[in-house]
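Each chain is listed here by its residues.
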Amino acid sequence: MEMARNCDREAEDGGGGRNSSIHGDVLEEVVSRVSALDLLHVSRVSRGWRTAAISSLLCRRRPPCLLLRLQSRRRASAHVYDPISGAWRDVPIPPEASLHGLDAPRVAALASSLSGGPRFYALSSSKLALAADPLGTAWRDLEPPRCWRTDPTVALVGTRLVVAGGGCALEGNAGSVEMCDAYGGGGGCWWEPCEAMPEAFRLSPAISAAASERRLYVVEREPPFGASWFDTETRLWCPTRSLSVPDPTARHVAIGFSNGRLLLAAAGGSGMGWGWAAESVRVWMVEEETLEVASEEVVAEMPREMVAGLAEDGGGGWGLPSIGFLCESGFAYFYNPVYLKEFFLCEQQAAGGSGCRWERIAPPACVEQRPIDRVVLGCCQNGRRR
Amino acid sequence: MAKMIKLVSGDGAEFEVEEEVAFQSKIIKDIVADADDVIPLPTVSSKVLIQVIEYCRKHAAVNSFPLSPSSSAAAAASSSSSISYSKPVSDPALRAWDNEFVKLNNSSLFDIVIAANYLDIEELVDLVLETVADRIKGKQAQEIRRQFNIENDFTPEEEEALRRENSWAFQNN
């Protein structure tokens, strides 16, 4: 690191009257080490600090935004939370006739390895559409897969769209996997049948998925936490194994990719059966090839009071039925998918820092105002076009 | 018998230090290779030089007897790294010492980082910058101003506009 070596201040001892505040190159270097979550405050300190904050923002990787869609039969709305400004923004989306009405395709989130790519898709028996941008302000129609299914696992693995499992009317199609090149030329999307999902996943009530450039990873959200990956080159699944979650009290898990690492979030707690209550949320790394969990290093741990907030269910008694986990670029958003009250943002500090930084984020007002609408969530680092 | 190097501060005070202590500074290491053992440092005051020497003395002792292969590997890796974040000091005792060392006011830290940069003592530069960044963490603008004794040079109208602005103009996409 090179800073200006000329020092225009006299070397004198202590004393008042001298401008002792951090400025110039030193200020820039300090600001570059300040978390993105503090930059807004830094920018309000003084003009010099604002300049330093803005130039730091231009040089660094942005934290991922949280994308929220409220879907109902008649309309949808879209909202983005930007950690840097610490605020939600409503994004106008054109009323897309084909996505509304009784036969409306269901809009849901997909796992994606494409940074800046779509995070949502819409699927019905006769229609498949892929969002043209992360939030889904426009859509691209594709040929629907050959097997009709409900709530499949959908992922963009590189440029290949993989649709796996889901509820199939025809028993013979259970666990069926199809793949197509979503960005191939010619506008066509030719679906290739691939090896079906392993048995363990066909009856799973809930699956968490993550995508790398080449593979789709799936994990059962509940014990025994069966896990496997699907390789889009070989079109084969690896042998299923149960993830050995380092917390023996873990009840719910979810996976995601962040900075090229496969991460596992697990909610642990105490109590049995309906009496189980979440007490901890921790994140570990998972080895991509072997699906070994790196138990020696806890990547992140949610503060206790936040876990209580996450499990807050308004007295319904269900606590935390599953764990919402969206991660990208060294940040992660946690939420309760059933009782959505708050989001919890975790920033993994750079090496030399003192562990993770956690913040609470209130959802946009519309979520509470429209309790019947379905909330669909994604997260995406906003790529800046230069 | 340790070879001694003489450092002369901006206000003329002389400090004799062991070679390995002085060599924590890459600049000094280069100068001594060619020339004298008396090195004038006109831009560094005695007060700051004493503090820097104290840091170098502590780190020289640790660097000559690395605790584990991983700590020396980390040191080797960092010198060729272009990433601006500090590498973790792997020895917890040394980290604790560093944390005590930087319990200084901001203007002293500023002086030290200027000197450490001039002398090219990378670890000390990183340590101070990280410490200062840590003092900013989680604070609102007014608290930051108090902490660093900074004058608010925004006009009231500008401040009001900033408060209303909840996302910067160039973030609109």
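Residues numbered from 1 in each chain as written. Chains lettered and ligands numbered in written order. Predicted model: local features only at pLDDT ≥ 70, side-chain atom pairs only at ≥ 80, totals over all residues. Heavy atoms only, no water.

**Thoughts on the overall build of chain A**
Part 1 of the argument: Regarding its fold elements, chain A presents 6 helices and 27 strands.
Part 2 of the argument: A globule of 386 residues ought to have a C-alpha radius of gyration of about 21 Å, and chain A, at 23 Å, matches this closely.
Part 3 of the argument: Principal axes of the C-alpha set define a box for chain A whose edges measure 85 × 50 × 45 Å.
Part 4 of the argument: The buried share of chain A, taken over its 386 residues, is 54%.
Part 5 of the argument: Of the contacts made within chain A by residues no fewer than 6 positions apart, 48% connect residues no fewer than 24 positions apart.
Part 6 of the argument: Accessible surface, chain A as shown: approximately 17,200 Å² in total, 51% of it carbon and sulfur.
Part 7 of the argument: Separation of charge centres in chain A, based on 40 positive and 46 negative side chains, amounts to 5 Å. (Helix = DSSP H or I, 4+ residues; strand = E, 2+ residues; numbered from the N terminus. Rg over C-alpha atoms; globule rule 2.2 N^0.38 Å. Buried < 20%, exposed > 50% of the residue type's maximum accessible area, 1.4 Å probe, protein only. Contact = heavy atoms within 4.5 Å. Areas by Shrake-Rupley, 256 points an atom, 1.4 Å probe, with all protein chains shown as cover. Lys, Arg positive; Asp, Glu negative; His and termini not counted. Charge placed at Lys NZ, Arg CZ, Asp CG, Glu CD.)

**Comments concerning the overall build of chain B**
Part 1 of the argument: Summing up its helical and strand segments, chain B has 9 helices and 3 strands in all.
Part 2 of the argument: Along chain B, from the amino end to the carboxyl end, the secondary structure elements read β-β-α-α-β-α-α-α-α-α-α-α.
Part 3 of the argument: Taken across its 173 residues, chain B has 40% of its residues classed as buried.
Part 4 of the argument: In chain B, once contacts between residues fewer than 6 apart in sequence are set aside, the share between residues at least 24 apart is 65%.
Part 5 of the argument: In the structure as shown, chain B presents an accessible area of about 9,200 Å², 54% of it carried by carbon and sulfur atoms.

**A short note on the side chain of Gln71(A)**
All names here are of chain A.
Part 1 of the argument: As for its placement among the helices and strands, Gln-71 is situated in strand 1 (residues 65-71).
Part 2 of the argument: Judged by its relative accessible area of 8%, Gln-71 is buried.
Part 3 of the argument: Of the polar contacts made by the side chain of Gln-71, one reaches the side chain of Arg-69; its length is 2.6 Å.
Part 4 of the argument: Contact partners of Gln-71, with chain neighbours within four places excluded, come to Ala-76, Val-107, Asp-373, Arg-374 and Val-376. (Polar contact = N/O pair within 3.5 Å; in protein donor to acceptor, adjacent residues only side chain to side chain.)

**Overview of the UniProt feature "domain: F-box" (unreviewed entry) in chain A**
Part 1 of the argument: Cross-referencing UniProt, the feature "domain: F-box" (unreviewed entry) maps to residues 25-57 of chain A in the present numbering.
Part 2 of the argument: Secondary structure over residues 25-57 of chain A splits into 73% helix and 0% strand, and the C-alpha atoms at its two ends are 16 Å apart. (UniProt positions renumbered as here; feature names shortened; annotations may be inferred.)

**Overview of helix 8 (residues 141-148) of chain B**
Side chains three or four residues apart in an α-helix point the same way, a direct result of the helix having 3.6 residues per turn.
Part 1 of the argument: Looking only at helix 8 of chain B, the buried set comprises Ala141(B), Ile144(B), Arg145(B) and Phe148(B). An end-on view of helix 8 of chain B places all buried positions within 100° of arc, on one side of the element.
Part 2 of the argument: Summarising the contacts, the buried residues of helix 8 of chain B are in contact with helix 2 (39-43) and helix 3 (47-59) of chain A together with helix 6 (106-118), helix 7 (122-136) and helix 9 (156-164) of chain B.
Part 3 of the argument: Looking at the residues trailing helix 8 of chain B, positive phi occurs at Asn149(B), about 55°. (Arc of directions from axis to C-beta.)

**Some remarks on the sheet that holds strand 12 (residues 192-194) of chain A**
Residues and elements named next belong to chain A.
Part 1 of the argument: Strand order in the open sheet formed by 5 strands is 5-9-10-11-12, and the pairing between neighbours is mixed. The open sheet is flanked by strand 5 (111-112) and strand 12, the only strands paired with a single partner.
Part 2 of the argument: Judged from the 3 bridges that link them, strand 11 (residues 177-181) and strand 12 form a sheet pairing that is antiparallel. Opposite Val-177, over in strand 12, you have Cys-194 as the bridge partner. (Pairing = 2+ DSSP bridges.)

**Some thoughts on the packing of aromatic side chains**
Part 1 of the argument: Using the criterion set out here, one finds 11 aromatic pairs over all chains in the structure.
Part 2 of the argument: Between the aromatic rings of Trp88(A) and Phe343(A), the centroid separation amounts to 6.0 Å while the plane-to-plane angle is 50°, which identifies the pairing as tilted. Of this pair, Trp88(A) sits in strand 3 (residues 87-91) while Phe343(A) sits in strand 25 (residues 343-347), placing them 255 residues apart in sequence. For the pair Trp88(A) and Phe343(A), a shared accessibility class is recorded, and that class is buried.
Part 3 of the argument: Ring geometry for Tyr55(B) versus Phe101(B): centroids 5.6 Å apart, planes at 50°, classification tilted. Pair noted here: Tyr55(B) is in helix 3 (residues 46-64) and Phe101(B) is in helix 5 (residues 92-101), with a separation of 46 residues, a long-range link. Phe101(B) carries the same exposure label as Tyr55(B), and that label is buried. (Phe/Tyr/Trp six-rings, centres within 6.5 Å; stacked < 30°, edge-to-face > 60°.)

**Section: the sheet that holds strand 2 (residues 14-18) of chain B**
Residue and element names in this part refer to chain B.
Part 1 of the argument: Here 3 strands make up an open sheet; going across it, the order is 2-1-3 and the pairing mixed. Across the chains shown, the open sheet's two edge strands, defined by having one partner strand only, are strand 2 and strand 3 (38-41). Pairs of neighbouring strands in the sheet enclose a mean axial angle of 25°, with direction left out of account.
Part 2 of the argument: Note: strand 1 (residues 4-9) against strand 3, 4 bridges, orientation parallel. Bridging from a neighbouring strand, Val-8 pairs with Pro-40 of strand 3. (Axes fitted to C-alpha atoms, helices over the stretch in contact; angles between N-to-C directions.)

**Examining the environment of Thr249(A)**
Residue and element names in this part refer to chain A.
Part 1 of the argument: Considering the arrangement of structural elements, one finds Thr-249 in the loop between strand 17 (241-242) and strand 18 (250-258).
Part 2 of the argument: Measuring from C-alpha to C-alpha, the distance between Thr-249 and Ala-278 comes to 9.2 Å, with 29 residues separating the pair along the chain.
Part 3 of the argument: Apart from residues lying up to four places away in sequence, Thr-249 is in contact with Ala-267, Gly-268, Gly-269 and Trp-276.
Part 4 of the argument: One polar contact links the side chain of Thr-249 to the main-chain amide nitrogen of Gly-269, over a distance of 3.1 Å.

**Structural notes on the nonpolar core**
Part 1 of the argument: Counting 55 residues, the largest nonpolar core has Trp49(A), Leu7(B), Val52(B) and Leu124(B) as the members making the most contacts within it.
Part 2 of the argument: The element contributing the most residues to this core is helix 7 of chain B, with 8 residues. (Core = buried A, V, L, I, M, F, W, Y, C linked by side-chain atoms within 4.5 Å.)

**Digging into the pattern of salt bridges**
Part 1 of the argument: Within this structure, the stated rule accounts for 27 salt bridges over all chains.
Part 2 of the argument: Where Asp126(B) meets Arg33(A), a salt bridge forms, and the shortest distance between an N and an O atom there is 2.8 Å. Of this pair, Asp126(B) sits in helix 7 while Arg33(A) sits in the loop between helix 1 (24-32) and helix 2, which puts the two residues in different chains. Side by side, Asp126(B) and Arg33(A) carry an identical accessibility label, which is buried.
Part 3 of the argument: For Glu178(A), the salt bridge identified is with Arg149(A), shortest N-O distance 3.0 Å. With a gap of 29 residues between them, Glu178(A) in strand 11 and Arg149(A) in the loop between strand 8 (139-142) and strand 9 (153-157) connect regions that are remote in the sequence. Side by side, Glu178(A) and Arg149(A) carry an identical accessibility label, which is buried. (Salt bridge = Lys/Arg side-chain N within 4 Å of Asp/Glu carboxyl O.)

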